[in-house]
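Coordinate analysis (summary)
Here are the chains, one letter per residue:
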Amino acid sequence: MVLAMVGSMFSGISNVFAAESTEQNLKVMTFNLRYENNNDPSPHTWAERVPTIKKLIRMENPDIFGTQEVLYGQLQDLEEVLPGYAWIGLGREGGNRGEYSAIFYDEKRFTPVEYDHFWLSDTPDVIGSKTWGNKIPRMVTWAKFVDNQTDKQFYFVNTHFDHQSAEAREKSAELILEKIKDFNPELPIILTGDFNARPGTLPHQTLTSDGAFDDLWETAESRINEGIGTFNGFRDPTGGGADNRIDWILAKGNVTANTIEINNYQKNGQFPSDHYPVIAEITIK
């Protein structure tokens, strides 16, 4: 009887460990890094901002993050200052031309097993296509990763909606929902991006209604910097105020956010970008 009790005890412990091992704890970030150009004044030129961006990312140490607006040369600079991260992406005009919505990930922890891109238009498989009133192409980069720590898989989707055309933003949200129908329905999906839209707008409603995605800002157990927005324009420490949250982390599946934060780090009055990054500590069960 004693042996049976001991055996039962160890069986219970092993079941607890098995239950714990099915959880994935990730730190996820979305960050519009502002494209390199000759118009941003000092101290907000790209060359001046790179060390500050490096410091912020190393301070947060995200496991995986989506970027927006980066050009190929900027990706090369980030590769140099952020060893340990690999990235997936394609220029929105094909090849290395135009802005990327690149996904950066810890290359020791994650292995991409599948990835692709599509354009936010009526012809999503046509590189550089735009049909919804937007003047520049908009796109999505997505990947399916395996977490080498848990052997679990998940999807990561990253995008940048148009800043001018409301129709483009609305149809972009609809297209993303249509495209993810091709994903394995048993796997969770994390969606990051600069959506150029506020919560409560039609794109947000489309993406978060009827069991689509959860906005992790709204479901997180703890929120940091609730009183600010995410677009600072290199000049507004409030990020446009709480109603100006245009950069989101959304999730579909059994995903919970423990903490989510709008990081308003500055260095001697220098903003790392004209957007604040959003960082979420999440658990996938």
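Scroll up a little and you will see the structure.
In this report, we go over the structure that sits alongside the text. Please read these numbers as outputs of a predicted model, since none were measured by experiment. (Residues numbered from 1 in each chain as written. Predicted model: local features only at pLDDT ≥ 70, side-chain atom pairs only at ≥ 80, totals over all residues. Heavy atoms only, no water.)

1. Thoughts on the pairing of strand S2 (residues 64-68)
With five of five residues buried, S2 lies mostly within the body of the structure. Residue alternation in S2 divides its side chains into two sets, Ile64, Gly66 and Gln68 and Phe65 and Thr67, and both sets are buried. Relative to S2, strand S1 (residues 24-32) runs parallel, the two being bridged by five bridges. Residue pairing across strands places valine 28 opposite isoleucine 64, the latter belonging to S2. Between the parallel elements S1 and S2, the chain passes through helix H2 (residues 46-60) in a crossover that is right-handed. In this sheet, strand S4 (residues 103-106) lies alongside S2 in antiparallel orientation, the contact comprising three bridges. Along S4, the bridge assignment pairs phenylalanine 65 with phenylalanine 104. (Buried < 20%, exposed > 50% of the residue type's maximum accessible area, 1.4 Å probe, protein only. Helix = DSSP H or I, 4+ residues; strand = E, 2+ residues; numbered from the N terminus. Pairing = 2+ DSSP bridges. Right-handed = clockwise from strand over helix to strand, strands pointing away.)

2. Considering H2
With 15 residues, H2 extends 20 Å from end C-alpha to end C-alpha; this agrees with the ideal 21 Å at 1.5 Å per step. Within H2, burial applies to Trp46, Arg49, Val50, Thr52, Ile53, Leu56, Ile57 and Glu60. If you follow the buried residues of H2, they end up packed against S1, S2, helix H3 (72-81), strand S3 (85-88), strand S12 (255-262) and strand S13 (278-284). Looking one or two residues beyond H2, the residue adopting positive phi is asparagine 61, at roughly 55 degrees. (Expected span 1.5 Å × (residues − 1). Contact = heavy atoms within 4.5 Å.)

3. Concerning the sheet that holds strand S6 (residues 139-147)
Spatially, S5-S6-S7-S8-S11-S9 is the arrangement adopted by the six strands of the open sheet, whose pairing is mixed. Single-partner strands in this sheet number two, and they are strand S5 (110-119) and strand S9 (214-215). Bridge analysis of strand S8 (residues 189-194) against strand S11 (residues 247-252) gives six bridges, and the strand direction is antiparallel. When the sheet's bridge partners are listed, isoleucine 189 is paired in S11 with lysine 252. The strands touched by helix H4 (residues 166-179) are S5, S6, strand S7 (152-160) and S8; relative to S5, the strand with the most contacts, the crossing angle is about 135 degrees. (Axes fitted to C-alpha atoms, helices over the stretch in contact; angles between N-to-C directions.)

4. Concerning the pairing of S13
Of all the seven residues making up S13, six are buried; the element is thus mostly covered by neighbouring parts of the structure. Bridge count for S1 against S13 is seven bridges, and the pairing is antiparallel. From the neighbouring strand, threonine 30 faces S13, where its bridge partner is valine 278. Looking at chain direction, S12 and S13 are connected through seven bridges and run antiparallel. Bridging from a neighbouring strand, threonine 259 pairs with glutamate 281 of S13.

5. Focus on the sheet that holds S13
Taken in spatial order, the seven strands line up as S3-S4-S2-S1-S13-S12-S10 in an open sheet, and their pairing is mixed. In the strand order of this sheet, the two ends are held by S3 and strand S10 (222-224), each with one partner. In this sheet, neighbouring strand axes are inclined to one another by 20 degrees on average, regardless of whether the strands run parallel or antiparallel. When S10 meets S12, the two strands line up parallel, connected through three bridges. Bridging across to S12, serine 222 finds its partner in threonine 259. Those strands touched by H2 are S1, S2, S3, S12 and S13, and its axis lies near 160 degrees from that of S1.

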